[in-house]
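Inside the fold
As a plain string of letters, each chain reads:
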Amino acid sequence: MTDALELLSGGAQTFVEKIWASHVHLHQADPADLVGLLSFDDVDELLTSTAIRTPAVRLAQDGSVLPQSRYTRSGATLAGQPLTGLVDARKVIDLFEGGATVVLQGLHRYWPPLTRLVAELELALGHPCQAHAYLTPPGSQGFAVHSDTHDVFVLQT
């Protein structure tokens, strides 16, 4: 596999020496190199086949984060404790089809391809890293245009 920093920047050494923390840098990676990181089918699996809970998932629409009550449910108990904040896949899909952005937060903690990628980035950069995904339907906008106060790699597919 290609080195994570090389994959995301197009030139790891140049990125570390000249670009990191100072510039906007556009690099177009080969889609074939990115497909194994997170696909639409992978998101579907996370939402419909796991017990994913908030805050790992949140939804936003027209610049506002939607209340969790619009896309979560309570579940059974586990070890005698009630499970709360369970994502209701049908509600999420309905909201997505209505224009909401699905945000998967902290993917580096529970999605193995991104766990590996982020671990490689942390080694290459000597800095903590994390991974989030934003799935926005065509013609919609989850968040307003903004800038972040930290460095960001954006992979748009």
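For the structure, see preceding data.
The paragraphs below set out a description of the structure included in this document. (Residues numbered from 1 in each chain as written. Predicted model: local features only at pLDDT ≥ 70, side-chain atom pairs only at ≥ 80, totals over all residues. Heavy atoms only, no water.)

Each helix and strand counted, the protein chain has six helices and eight strands in total. Taken from the N to the C terminus, the helices and strands of the protein chain come in the order α-α-α-α-β-β-β-β-β-β-α-β-α-β. For the protein chain, the spread of C-alpha atoms along the principal axes amounts to about 50 × 40 × 30 Å. The proportion of buried residues among the 157 residues of the protein chain is 35%. Within the protein chain, residue pairs in contact and separated by at least 24 positions form 65% of the contacts whose partners lie at least 6 positions apart. Treating the 9 positive side-chain charges of the protein chain as one cloud and the 17 negative ones as another, the clouds have centres 12 Å apart. (Helix = DSSP H or I, 4+ residues; strand = E, 2+ residues; numbered from the N terminus. Buried < 20%, exposed > 50% of the residue type's maximum accessible area, 1.4 Å probe, protein only. Contact = heavy atoms within 4.5 Å. Lys, Arg positive; Asp, Glu negative; His and termini not counted. Charge placed at Lys NZ, Arg CZ, Asp CG, Glu CD.)

With that settled, the discussion passes to helix 2 (residues 12-19). All of the buried residues along helix 2 are Ala12, Phe15 and Ile19. Along helix 2, the residues classed as buried sweep out an arc of 95° about the axis, all on the same side. Opposite the buried face of helix 2, by more than 90 degrees, sit the exposed residues Gln13, Glu17 and Lys18. Where helix 2 is buried, its residues touch helix 1 (4-9) and helix 6 (112-125). (Arc of directions from axis to C-beta.)

The next thing to look at is the pattern of salt bridges. One pass over the structure, following the stated rule, counts one salt bridge. Taking the shortest distance from any N to any O, the salt bridge between aspartate 94 and arginine 90 comes out at 2.9 Å. Linking aspartate 94 with arginine 90, this pair stays in helix 5 (residues 89-97), spanning four residues, or about one helical turn. Taking the relative accessible area as the measure of exposure, aspartate 94 reaches 42% and is therefore partly exposed. (Salt bridge = Lys/Arg side-chain N within 4 Å of Asp/Glu carboxyl O.)

Here the focus is the sheet that holds strand 8 (residues 133-135). The strand order across the open sheet formed by four strands is 2-1-7-8, and the pairing between neighbours is antiparallel. Across the chains shown, the open sheet's two edge strands, defined by having one partner strand only, are strand 2 (64-65) and strand 8. By the bridge criterion, four bridges tie strand 1 (residues 57-61) to strand 7 (residues 101-104) in an arrangement that is antiparallel. Bridging from a neighbouring strand, leucine 59 pairs with valine 102 of strand 7. Along the sheet, helix 4 (residues 40-49) contacts strand 1, strand 7 and strand 8; its crossing angle with strand 7, the most-contacted strand, is approximately 80°. (Pairing = 2+ DSSP bridges. Axes fitted to C-alpha atoms, helices over the stretch in contact; angles between N-to-C directions.)

Val57, Leu59, Val102, Leu104 and Leu107 are the most contacted members of the largest nonpolar core, which has 35 residues in total. Elements with a contribution of two residues or more to this core: helix 1, helix 2, helix 4, strand 1, helix 5, strand 7 and helix 6. Per-element accounting of this core gives the leading share, five residues, to helix 6. Contacts of leucine 107, omitting those with residues within four sequence positions, involve Leu38, Leu46, Leu114, Thr115, Ala131, His132 and Ala133. (Core = buried A, V, L, I, M, F, W, Y, C linked by side-chain atoms within 4.5 Å.)

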